Amino acid sequence: MDQILIRGGRPLSGTIPIGGAKNAALPLMAAGLLTANTLTLHNLPHLADISSMAHLLAELGVEIHMNGGVENGHTGRAFSLCAANVADTTAPYDLVRKMRASVLVLGPMLARTGHARVSLPGGCAIGTRPVDLHLKALEQLGAEIELKEGYIEARAPKGLTGASILFPVVTVGGTENLMMAATLARGETVIANAAREPEVSDLARCLQAMGAEIDGVGTDTLRIQGRESLHGADHVVVPDRIETGTYAVAAAITGGTVTLTGTRAELIETLVNSLQEAGVAVTATNDGLTVSRTGTLRGVDVMTEPYPGFPTDMQAQMMALMSVAEGASMITETIFENRFMHVPELCRMGADINVHGRSAIVRGVGGLSGAPVMATDLRASVSLVLAGLAARGETLVNRVYHLDRGYERLEAKLAACGADIERVRQ
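## Notes on the nonpolar core
Met-29, Leu-57, Val-105, Leu-138, Leu-160, Met-179 and Leu-207 are the most contacted members of the largest nonpolar core, which has 78 residues in total. Beyond its immediate sequence surroundings of up to four residues, Met-179 is in contact with Ile-191, Val-200, Leu-203, Ala-204, Leu-207, Ile-214, Leu-222 and Ile-224. Tyr-247, Leu-275, Ala-278 and Leu-384 belong to the second largest nonpolar core, which has 66 residues in total.

## Details of the sheet that holds strand E12 (residues 164–166)
Strand-to-strand pairing in sheets goes through backbone hydrogen bonds, with the strands running parallel or antiparallel. The four strands lie next to each other as E12-E13-E15-E14, forming an open sheet whose pairing is mixed. Both outer strands of the open sheet, E12 and strand E14 (213–215), are each paired with one neighbouring strand and no more. The sheet shows a mean angle of 15° between the axes of neighbouring strands, taken without regard to direction. Two strands pair when backbone bridges link them, and E12 and strand E13 (residues 188–192) are joined in this way by three bridges, in the parallel orientation. Across the sheet, Ser-164 pairs through a bridge with Val-190, a residue of E13.

## Focus: the pattern of salt bridges
Evaluation of the coordinates by the stated rule reveals 21 salt bridges. Here Asp-49 makes a salt bridge to Lys-22, at a shortest N to O gap of 3.1 Å. Of the two residues, Asp-49 sits in helix H2 (residues 48–60) while Lys-22 sits in helix H1 (residues 22–30), which places them 27 residues apart along the sequence. In this structure Lys-22 comes out as buried when scored by relative accessible area, which is 6%. Here the residues in one salt-bridge network are Asp-2, Asp-404, Glu-411, Arg-423 and Arg-425, joined through shared partners.

## Quick look at empty space enclosed by the protein
A probe as big as a water molecule, rolled over the atoms, marks out the empty space that is left. In the structure shown here, the tally under the stated rule is three cavities of 30 Å³ or more. Approximately 50 Å³ is the volume found for the largest cavity. Lining the largest cavity, in full, are Gly-19, Gly-20, Pro-45, Leu-47, Asp-240, Glu-243, Gly-406, Tyr-407, Glu-408 and Lys-413. When the residues that make up the lining of the largest cavity are grouped by side-chain class, the tally is three nonpolar, three polar and four charged. In this model, the second largest cavity occupies a volume close to 40 Å³. Residue lining of the second largest cavity: Ala-195, Arg-196, Val-200, Ser-201, Ala-204, Val-217, Gly-218, Thr-219 and Leu-222, and that is the complete set. Residue contributions to the lining of the second largest cavity peak at three residues, all from helix H7 (residues 198–209). Among the residues forming the lining of the second largest cavity, the class breakdown is five nonpolar, three polar and one charged.

## Focus: the side chain of Thr-90
Looking at the element boundaries, Thr-90 is found in strand E8 (residues 90–91). A relative accessible area of 17% places Thr-90 in the buried class. Beyond its immediate stretch of four places on either side in the chain, Thr-90 contacts Leu-60, Arg-117 and Tyr-151.

## Comments concerning the packing of aromatic side chains
For the structure shown, the criterion picks out zero aromatic pairs. Seen from the ring of Tyr-151, Arg-117 lies directly overhead, with NZ or CZ sitting 3.9 Å from the centre.

## Remarks on the environment of Asp-352
Looking at where Asp-352 falls in the secondary structure, it is placed in strand E22 (residues 352–356). The exposure class assigned to Asp-352 is partly exposed, which follows from its relative accessible area of 30%. Taking the C-alpha atoms as reference points, Asp-352 and Gly-364, separated by twelve residues in sequence, lie 6.8 Å from one another. Filtering out sequence-adjacent residues up to four positions away, Asp-352 remains in contact with Ile-361, Val-362, Arg-363 and Val-365.

## As for the sheet that holds strand E7 (residues 78–82)
One open sheet holds the four strands; their spatial order is E4-E7-E3-E16, and the pairing between them is mixed. For this open sheet the edge positions go to strand E4 (63–67) and strand E16 (233–236), each flanked by a neighbour on one side alone. On average, each strand axis in the sheet is tilted by 15° relative to the strand beside it, whichever way the strands run. As paired elements, strand E3 (residues 38–42) and E7 share five bridges and run antiparallel to each other. The residue bridging His-42 from the neighbouring strand is Ala-78, located in E7. Strands in contact with H7 are E3 and E16; relative to E16, the strand with the most contacts, it is inclined by about 160°.

Analysis parameters
Residues numbered from 1 in each chain as written. Predicted model: local features only at pLDDT ≥ 70, side-chain atom pairs only at ≥ 80, totals over all residues. Heavy atoms only, no water. Core = buried A, V, L, I, M, F, W, Y, C linked by side-chain atoms within 4.5 Å. Buried < 20%, exposed > 50% of the residue type's maximum accessible area, 1.4 Å probe, protein only. Contact = heavy atoms within 4.5 Å. Pairing = 2+ DSSP bridges. Helix = DSSP H or I, 4+ residues; strand = E, 2+ residues; numbered from the N terminus. Axes fitted to C-alpha atoms, helices over the stretch in contact; angles between N-to-C directions. Salt bridge = Lys/Arg side-chain N within 4 Å of Asp/Glu carboxyl O. 1 Å grid on protein atoms, 1.4 Å probe; cavity = no way out; pocket = protein on both sides within 12 Å on 5 of 7 lines; lining within 4 Å. Points joined across faces, edges and corners; volume = space filled by probe spheres on them. Nonpolar A, V, L, I, M, F, W, Y, C, P; charged D, E, K, R; others polar. Phe/Tyr/Trp six-rings, centres within 6.5 Å; stacked < 30°, edge-to-face > 60°. Lys NZ or Arg CZ within 6 Å of the ring centre and 35° of its normal.

Keep in mind these values describe shape, not function.
Structure follows, in structure tokens:
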């Protein structure tokens, strides 16, 4: 199992390109099941989760072709997906267990074929993320759903019918699954308390390009007029706001200056506000933003919330930054109940953090010390890398397969900006 070795204490300086958003690319790939025509997605990141979704879709009978270079005016990696012949409607456990986003094939496959059998999902151990909201919403569209032997058995032999759906809590995956299913349902579907994340809006724009009629994109109320069929389209995946935020924190925690290209500052507006409050300069550029810190970091309080609030996927990175800030800060996690597993590992490096329920009190220390640490999930693992960049001595991060699920060429991008970091293969 690979490890990441970091010799910390070097301010970062340089440019880091930001790739397409993993959390947008995965539902976009699932949307390929909605049409018999070709859907081409540009700017896909090269990540383990993308490969897992590609394998799952291929198992279902989707033809996938990968292209690189420049195509139709777009640069970067592209996937062309054609689901003209859906050969199987079962998403097996061996593939789904690797990634929770696999459940996103449920809505489009059910709407297109009238049947879907999807294993209950796996993924990071950051708390319960039940799919019951997905299932209850699909039932309101007329689906017959049964949980059997670890699988979701969904049927709609007469097709789906539009309905008014009110999610009791904001659910990104639930909004995406239902929105895709509703594009092929009879009549109008209204989704209230819909997720507003940029990745959800990106999916909606792709569906619109495929012929779907969706109103209210970017708001908490979506209106979808069902169509008999959708057609193919070309779509560019939105920049990854979490990758953007992670490298912004890398510049801040090392006291360096980094320019992030291929992204947009408005995607991380709440993080930018917190960074500026902490004493970090963030400046928008024509193709991204520049992040720099030359003075002392100040502690700031953060509470995770659904978009446009502070993203839960940046909580661990922000905690690493606050561990070396002046004064105390409180970080409150309202999305997932088990997302402080990085705290003991940060404390091994000298951080002063106390957890009280859903809040963590972080008292800044003068500096961190390198140590062997263990990654527990995707964002926790990168928080340990960030801490290692700022720490004295060597930090060895174990179980870095989590990193490969969400960060493309992380070591190379950081090393290009002066970090002393390498992957140790075992």
